[in-house]
Amino acid sequence: MTPAELSASLHAALTAAVADGTFALAADDLPDTVHVERPRQREHGDWATNVALQLAKKAGTNPRAFAEELTRRLADVPGIAKVDIAGPGFLNITLDAAAAGELARSIVDTGAGYGRGESQRGQSVNLEFVSANPTGPIHIGGARWAAVGDSLARILSAAGADVTREYYFNDHGAQIDRFARSLLARARGLEAPEDGYGGQYIQDIADRVIADAVAAGETDPRELPDEQAQEVFRARGVDLMFDEIKQALHDFGVDFDVYFHEDSLHESGAVDRAVARLRELGHIFESDGAVWLRTTDFGDDKDRVIIKSDGEAAYIAGDLAYYLDKRERGFDRAIMMLGADHHGYIGRMMAACAAFGDVPGVNLEILIGQMVNLVKDGEPVRMSKRAGTVVTLDDLVEAVGVDAARYSLARSSVDSSIDLDLDLLTTATNENPVFYVQYAHSRTVSVARNAAEAGVRREDGFDAALLDHPAESTLLGLLAEFPRVVAQAAELREPHRVARYLETVAGGYHKWYDQKRRVVPFGEEQVSDAHRTRLWLNDATRQVLANGLDLLGVSAPERM
């Protein structure tokens with residue numbers, strides 16, 4: 001019996017009690033789904049629910065009495081061995097071994113679809129992440145958003161949402177001018193401007209701009225007048241830098257559906273349309289020759305200039321236009337993932353969301369990620385060989401590989417800073433979390449391979465009642481939790497829940513395996529249904545580990 005099937009049985013019992021008048025409730029008073037969860041203490045049963053506490057008052061009775069009636073109605077449900085009432089009305093439910101064991105076959109039969117659900121069905125989500133300026137390689141903070149953002153997109157999709165991954169290409173503004181001046185200076189053998197960009201990558205890109213121009217039979221851009229030369233380095237340098245960024249992300253397993261150019265907002269008139277919309281809504285005023293948005297009406301700490309007195313658009317004008325563009329493209333939810341230095345950005349953008357008539361936190365969500373620190377040999381890693389001033393995504397991948405980098409960046413809550421120990425992440429030990437989970441998966445494959453060689457085949461027999469060892473019950477309970485973990489990770493926007501869950505599953509599997517729950521016959525032992533049934537459990541564990549690792553964009557190796 002799966003948690004979903006148990007939930008359905010509880011719902012059926014409640015519906016019957018309402019229909020015959022036992023519970024003074026309307027059908028609409030019942031939840032769509034009765035929530036069940038694993039008790040913290042194993043002796044309290046396989047599953048628990050607090051539905052009696054939720055509904056008793058509305059039903060005109062006390063939770064204990066409500067729970068007693070529900071217990072009576074569950075007594076004859078196949079697969080339920082017993083129901084105990086704890087405290088004021090918690091129901092602790094124990095399944096019989098056969099009902100609990102059936103989950104193994106269900107997981108194997110469901111395959112890659114196990115864990116997927118419908119909790120986010122009907123939601124169209126625009127998920128914007130990374131969005132690093134095209135003025136240098138992706139730094140380690142951007143690498144964290146790449147891992148977390150792509151994992152969140154996978155998880156939201158698994159929960160039923162329609163997700164579009166979007167990269168906001170900042171190709172408009174002063175930083176691009178500084179980048180172009182830096183390229184030109186380096187091309188001419190000069191030091192970068194004081195406010196420019198350094199690092200070997202500037203020289204590399206400048207050299208490529210020159211080489212490409214010469215190969216195309218064009219004038220060497222170094223020989224052009226300053227203004228023309230700077231424009232060549234701006235156009236071609238930004239393209240080359242962004243190609244490098246996209247390639248680095250692709251190699252990291254991250255690809256975007258949309259690359260949105262900031263410059264298009266200004267060229268298309270989107271900024272003017274956003275201002276006009278806000279003016280129609282009555283939230284625009286003019287003062288000192290500038291155009292203002294009255295964001296204080298929506299909780300911001302001060303009103304914001306959107307068109308400066310010189311007629312130039314302020315930075316927030318592009319943000320307003322971009323948000324409105326997302327909504328006009330049909331997205332119900334816009335999720336933005338920003339760095340630790342963007343806390344001050346939240347208030348003004350939520351106020352802007354409300355000014356457009358939307359609901360902050362619903363139509364617009366902003367996630368802030370904290371710093372990532374790299375440690376090697378017990379010392380902080382501070383500088384990149386190529387970028388000069390920051391540690392980059394490429395540096396991290398070179399040090400530990402894609403899998404370890406993605407997993408380690410996604411396994412912690414984004415609102416906490418993390419220290420990544422590069423030495424640990426390259427070790428083949430249980431202290432290395434990605435190795436621990438991947439090794440568990442490869443071990444399940446090895447067990448299945450050995451079973452096949454010994455003539456143990458799943459299709460020759462399955463007796464769920466044989467999965468009656470405490471370690472098997474614990475492992476089955478962990479596997480049953482996967483759909484709930486995925487739904488919760490999607491709801492809370494927290495991919496790290498999947499990673500931590502996989503580590504728990506790996507631990508449960510290793511413990512089961514180490515307690516000699518043999519899949520392969522030993523010595524003169526003959527193949528039996530016990531071996532075949534354990535193979536189902538082994539393979540169900542493999543499927544859950546593979547599905548979970550896929551949600552994190554991490555490989556599930558068959559050999560290690």
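Conventions adopted
- Residues numbered from 1 in each chain as written.
- Predicted model: local features only at pLDDT ≥ 70, side-chain atom pairs only at ≥ 80, totals over all residues.
- Heavy atoms only, no water.
- Axes fitted to C-alpha atoms, helices over the stretch in contact; angles between N-to-C directions.
- Helix = DSSP H or I, 4+ residues; strand = E, 2+ residues; numbered from the N terminus.
- Parallel < 35°, antiparallel > 145°, perpendicular 65-115°, else oblique.
- Left-handed = near helix turned anticlockwise from the far one by under 90°.
- Contact = heavy atoms within 4.5 Å.
- Nonpolar A, V, L, I, M, F, W, Y, C, P; charged D, E, K, R; others polar.
- Buried < 20%, exposed > 50% of the residue type's maximum accessible area, 1.4 Å probe, protein only.
- Pairing = 2+ DSSP bridges.
- UniProt positions renumbered as here; feature names shortened; annotations may be inferred.
- Phe/Tyr/Trp six-rings, centres within 6.5 Å; stacked < 30°, edge-to-face > 60°.
- Lys NZ or Arg CZ within 6 Å of the ring centre and 35° of its normal.
- Arc of directions from axis to C-beta.

**Topic: the packing of helix H11 (residues 315-328) against helix H12 (residues 343-355)**
At their nearest, the axes of H11 and H12 sit 11 Å apart, and the two run at 50° to each other. Classified by the angle between their axes, H11 and H12 sit oblique to one another. For the pair H11 and H12, the crossing hand works out as right-handed. Between H11 and H12, the residues in contact are Ile-316, Asp-319, Leu-320 and Tyr-323 and Tyr-345, Arg-348, Met-349, Ala-352 and Cys-353, respectively. Residues that form the contact of H11 with H12 fall into these classes: 7 nonpolar, no polar and 2 charged.

**What about the pairing of strand E14 (residues 418-421)?**
Residues of E14 alternate between two faces, with Ile-418 and Leu-420 buried on one and Asp-419 and Asp-421 left unburied on the opposite face. Two strands pair when backbone bridges link them, and strand E12 (residues 372-376) and E14 are joined in this way by 4 bridges, in the parallel orientation. Residue pairing across strands places Leu-374 opposite Leu-420, the latter belonging to E14.

**Regarding the UniProt feature "short sequence motif: 'HIGH' region" (unreviewed entry) in the chain**
UniProt annotation of "short sequence motif: 'HIGH' region" (unreviewed entry) refers to residues 132-142 when read in the numbering used here. Taken end to end, residues 132-142 is 27% helix and 0% strand, and its two terminal C-alpha atoms sit 7 Å from one another.

**A short note on the packing of aromatic side chains**
Under the defined criterion, the tally for this structure stands at 20 aromatic pairs. Geometrically, the ring pair formed by Tyr-168 and Tyr-322 is stacked, given 4.2 Å between the ring centres and 20° between the ring planes. Here Tyr-168 is found in strand E5 (residues 162-169), whereas its partner Tyr-322 is found in helix H11, with 154 residues between them in sequence. Accessibility classification places Tyr-168 together with Tyr-322 in one group, the buried group. Among the aromatic residues, ring-to-ring pairing joins Phe-129, Tyr-167, Phe-169, Phe-242, Phe-256 and Tyr-259 into one connected group. The residue whose ring lies beneath Arg-38 is Trp-47, and the NZ or CZ to ring-centre distance is 5.2 Å. Here Arg-518 stacks its cationic end above the ring of Phe-522, 4.9 Å away from the centre of that ring.

**Notes on helix H13 (residues 393-400)**
Along H13, the positions that sit buried rather than exposed are Leu-393, Asp-395, Leu-396 and Val-400. Viewed along the axis of H13, the buried residues span an arc of 160°, placing them on a single side of the element. In this structure, the buried residues of H13 make contact with helix H5 (140-158), helix H8 (226-251), E12, helix H14 (402-410) and E14.

**Some details on the sheet that holds strand E7 (residues 284-287)**
In a beta sheet, neighbouring strands are held together by backbone hydrogen bonds and run either parallel or antiparallel to one another. A sheet is described by the order of its strands in space; here 3 strands give the open sequence E7-E8-E9, paired in antiparallel fashion. Each of the sheet's edge strands pairs with one partner strand only, and the pair in question is E7 and strand E9 (304-307). Sheet twist, expressed as the mean angle between neighbouring strand axes with direction ignored, is 45°. Across 3 bridges, strand E8 (residues 290-293) lies against E9 in antiparallel orientation. The residue bridging Trp-292 from the neighbouring strand is Val-305, located in E9. Across the face of the sheet, helix H10 (residues 270-280) comes into contact with E7, E8 and E9 while running at roughly 100° to E7. Across the sheet, H11 touches E8 and E9, and the angle it forms with E9 is around 80°.

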